[in-house]
Amino acid sequence: MTNDTSFTFASMGDLHVKDGQPGSLREVFRQISKSAGALVLCGDLTDTGTPSQARVLAEDLRACTVPVIGVLGNHDYESGHVDEVKQILCDAGLRLLDGQATEVNGVAFVGVKGFAGGFGPRMLSSFGELAIKTFVAEAVNEAMRLENVMRTVNSQRAVVVLHYAPIVETVEGEPLEIYPFLGCSRLAETIDRFRVSAVVHGHAHRGKYEGRTPAGARVYNVAVHVQKPDHLPYALITV
């Protein structure tokens, strides 16, 4: 907290928790609990989406004494146990957002995973083979789900929580060939229809920390691998 009206939260993504790593994040979560009013996790919480990996993270999350909010990432779907992974993490206190919003201290946190598809005028379009149309439909659906929940938000401050990037600026540094798989401008188009205080995402491990949507909303790539201003594995963001 910096004054009576502002709110500081910590955010990090791409934890990629593996088996055999118990306790690896507990000290980080304890530090966050002393410096932030909430912890926001931006997907790829587990390495391959197994229940055992979720249990390792769940045990570490018990060290966090502030509200924990998050979305899943593509790695959390890998093993086909996503429902069990969700249940384990929710039982540990994670407020998992998948087209929902939750409020902490007057700030609405709105989350969807997002999807790929590319950026700007070179976004993949729904044309040609059924496989391409199905791929694009997933990106459109995630953007629509974000829009639907944003329409329910009454808070003066809203933070959008994603896994995939909504802008190209925060994936810069990644190989050009994989840009279309790191996010989609459809998410930014939705965000810019609303008043949004900040956007956090992960997924682009070699991307850039900060950028803005076309309408000026602040966007932060909080993957643990991305260098942040305080040289911590998490970002501290004030809204």
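The structure contained in this document is the topic of the report that follows. Along each chain, numbering runs from 1 in the same order as the chain's sequence is written. The model is predicted, so local features are restricted to residues of pLDDT at least 70 and side-chain atom pairs to those at 80 or more, both for listing and for counting; the totals for chains, interfaces and linings are taken over all residues. Hydrogens and water are ignored here; the side-chain numbers use all heavy atoms of the structure.

**A short note on the pattern of salt bridges**
For step 1, the next point in the chain: Definition used for salt bridges: Asp or Glu carboxyl oxygen within 4 Å of a side-chain nitrogen of Lys or Arg. Summed over the entire model, instances satisfying the criterion amount to 12 salt bridges.
For step 2, the next point in the chain: The residue Lys 86 makes a salt bridge to Asp 98 at a minimum N-O spacing of 3.5 Å. Of this pair, Lys 86 sits in helix H3 (residues 82-91) while Asp 98 sits in the loop between strand E4 (94-96) and strand E5 (100-104); the two residues are 12 residues apart in sequence, bridging distant segments of the chain.
For step 3, the next point in the chain: Here Arg 145 makes a salt bridge to Asp 98, at a shortest N to O gap of 2.8 Å. Remark: Asp 98 occurs in the loop between E4 and E5 and Arg 145 occurs in helix H4 (residues 130-150); sequence separation between them is 47 residues.
For step 4, the next point in the chain: Summary of the burial criterion: residues with accessible area below 20% of their type's maximum are buried, those above 50% are exposed, and those between are partly exposed, where the area comes from a 1.4 Å probe applied to protein chains only. A residue is classified by how much of its surface remains accessible, and Arg 145, at 22% relative accessible area, is partly exposed.
For step 5, the next point in the chain: For Asp 98, a relative accessible area of 26% gives the class partly exposed. Strands are runs of DSSP state E lasting at least two residues, helices are runs of H or I lasting at least four, and both sets are numbered from the N terminus onward.

**Brief notes about the pairing of strand E1 (residues 8-12)**
For step 1, the next point in the chain: Here E1 lies mainly inside the structure; five of its five residues are buried.
For step 2, the next point in the chain: The two faces of E1 match: Thr 8, Ala 10 and Met 12 on one face and Phe 9 and Ser 11 on the other face are all buried.
For step 3, the next point in the chain: When E1 meets strand E11 (residues 235-238), the two strands line up antiparallel, connected through four bridges. Residue Thr 8 lies in a different strand from E11, and its bridge partner there is Thr 238.
For step 4, the next point in the chain: Pairing between two strands is assigned when DSSP locates at least 2 bridges connecting them. Pairing analysis gives three bridges linking E1 to strand E2 (residues 39-42), with the strands arranged parallel. Bridge pairing links Met 12 to Leu 41 in E2.
For step 5, the next point in the chain: Between the parallel pair E1 and E2, the chain is carried across by helix H1 (residues 26-35), and the sense of this crossover is right-handed. The definition of a right-handed crossover adopted here requires that, viewed with the strands pointing away, the path from the first strand over the helix to the second runs clockwise.

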